[in-house]
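Geometric and topological summary
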Amino acid sequence: DTAVSQTPKYLVTQMGNDKSIKCEQNLGHDTMYWYKQDSKKFLKIMFSYNNKELIINETVPNRFSPKSPDKAHLNLHINSLELGDSAVYFCASSQDDRASQYFGPGTRLLVL
Amino acid sequence: SQQGEEDPQALSIQEGENATMNCSYKTSINNLQWYRQNSGRGLVHLILIRSNEREKHSGRLRVTLDTSKKSSSLLITASRAADTASYFCATAGTYKYIFGTGTRLKVLA
């Protein structure tokens, strides 16, 4: 069974559109994250959630809105997509805020 | 930027040789973690070393940590072609992990 899954794997869309990425973990972890990896492979944290509550928002534009309906899910909705949003987005989870993280396979977003 | 630095940025070695990657960071840490990322895949956790530890081993991996120099190194011994990947260090703070810039390792068969 996949520990951390994301859908979709690929997302190609036009500028100005709204899109969502879903993430689910079956590890029973309390903490979930969204990361953005740019074309230079820099990995930057966007959001941290603990028990469905937002803990960290790393100065991400408010076009990005995460939602955690329960501990096992953390979805990411992006409004008014811009060219600069093109990247790979990774969901991750960990047992607590300092434990090893488990990453999803990534969602490759291309904004045209 | 809080981004950690890793060097070298890229490393190419022959199968059977050892590979060493270094990571420097800027903030105080609870622990430091190393991850591997194969091309087009998610990151996989390799090893975690706590701030009060100096060295840790896991199979062919050896990690050292020097908190006074804010640096860590990852040694992969007897490398294999399957070790070809990017390697990242990450420092763990409170609900926030800061990743290094990564080292791209290529192991030639």
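This write-up is about the structure you can find in this document. In this text the structure is predicted, and so the values were computed from the model without any measurement. Residue numbers run consecutively from 1 along every chain, following the written order of its sequence. Here chains are named by letter from A upward and ligands by number from 1 upward, in the order in which they appear as written. Side-chain atom pairs in this predicted model are given and counted only at pLDDT of 80 or more, local residue features only at pLDDT of at least 70, and totals for whole chains, interfaces and linings cover all residues. Note: side-chain values were computed over all heavy atoms of the structure, leaving out hydrogens and water.

Here a strand is any run of E in DSSP of at least two residues, a helix any run of H or I of at least four, and the numbering for each starts at the N terminus. Scanning chain A from terminus to terminus reveals zero helices and 11 strands. Referenced to the eigenvectors of the C-alpha coordinate spread, the extents of chain A come out at roughly 35 × 30 × 25 Å. Residue exposure (1.4 Å probe, protein chains only): buried if accessible area is under 20% of the type maximum, exposed if over 50%, otherwise partly exposed. Per-residue burial for chain A yields a buried fraction of 47% across its 112 residues. Whether two residues are in contact is decided by their heavy atoms, any of which lying within 4.5 Å being enough. A fraction of 55% describes how many contacts in chain A between residues 6 or more apart in sequence connect residues 24 or more apart. Per-residue and other accessible areas were derived by the Shrake-Rupley procedure at a 1.4 Å probe size, with only the shown protein chains allowed to occlude residues. Within the structure as shown, chain A displays about 5,500 Å² of accessible surface, and the carbon and sulfur contribution to it stands at 50%. Considering chain A, the positive charge centre built from 13 side chains and the negative charge centre built from 12 side chains are found 6 Å apart. Asp and Glu are treated as the negative residues and Lys and Arg as the positive ones, with His and the ends of the chain left uncounted. Taken as the charge location is NZ of Lys, CZ of Arg, CG of Asp or CD of Glu.

Turning to the nonpolar core, a few remarks are in order. Judged by nonpolar contacts, the single largest core of 22 residues is most densely connected at Met21(B), Leu32(B), Trp34(B), Leu74(B), Ile76(B), Tyr87(B) and Leu105(B). Looking at this core, the elements with two or more residues in it are strand E2 (10-14), strand E3 (19-24), strand E4 (31-37), strand E5 (43-50), strand E7 (61-66), strand E8 (71-76), strand E9 (85-92) and strand E11 (103-108) of chain B. With residues near it in sequence (within four places) discarded, Ile76(B) still touches Glu17(B), Asn18(B), Ala19(B), Met21(B), Arg60(B), Leu61(B), Asp83(B), Tyr87(B) and Leu105(B). Definition used in this section: a nonpolar core is a set of buried Ala, Val, Leu, Ile, Met, Phe, Trp, Tyr and Cys residues joined via side-chain atoms within 4.5 Å. Counting 20 residues, the second largest nonpolar core, distinct from the first, contains Cys23(A), Phe47(A), Ile78(A) and Leu109(A).

Residue and element names in this part refer to chain A. At least two bridges found by DSSP between two strands is the condition for calling them paired. Pairing is antiparallel in the open sheet, where four strands are placed in the order E1-E3-E8-E7. Where the open sheet ends on each side, the last strands, each with one partner, are strand E1 (4-7) and strand E7 (64-70). For this sheet, the mean inter-axis angle between neighbouring strands, taken without regard to orientation, is 20°. Here an axis means a line fitted to C-alpha atoms, over the contact stretch when the element is a helix, while the angle between two N-to-C directions is reported on a 0 to 180 degree scale.

In what follows, salt bridge is the name for a side-chain nitrogen of Lys or Arg lying within 4 Å of a carboxyl oxygen of Asp or Glu. Taken as a whole, this structure holds eight salt bridges over all chains when the rule is applied. Linking Lys96(B) and Glu58(A) is a salt bridge whose minimum nitrogen-to-oxygen distance equals 3.1 Å. You can see Lys96(B) sitting in the loop between E9 and strand E10 (97-99) and its partner Glu58(A) sitting in the loop between strand E6 (53-57) and E7, one on each of two chains. This pair shows no difference in class: Lys96(B) is buried, exactly as Glu58(A) is. Of the charged contacts, one joins Asp85(A) and Arg63(A) as a salt bridge, the two residues approaching to 2.8 Å between their closest N and O atoms. Remark: Arg63(A) occurs in the loop between E6 and E7 and Asp85(A) occurs in the loop between strand E8 (73-78) and strand E9 (87-94); sequence separation between them is 22 residues. We classify Asp85(A) as buried; its relative accessible area is 3%. Residue Arg63(A) is classed as buried on the basis of its relative accessible area of 14%. Shared partners join several salt bridges into a network, and the residues in it are Arg63(A), Glu82(A) and Asp85(A).

This part takes up a nonpolar patch on the surface. Residues and elements named next belong to chain A. To count toward a patch, a residue needs a relative accessible area over 30% and no salt bridge; like charges are then connected within 9 Å, while nonpolar side chains (Val, Leu, Ile, Met, Phe, Trp, Tyr) are connected within 5 Å. A contiguous nonpolar surface patch, about 270 Å² in accessible area, is contributed by Val12, Leu110 and Leu112. Of note, Val12 is situated in strand E2 (residues 10-13). For Val12, a relative accessible area of 56% translates into the label exposed.

Everything listed here is a matter of coordinates, which is why it stays silent on function.
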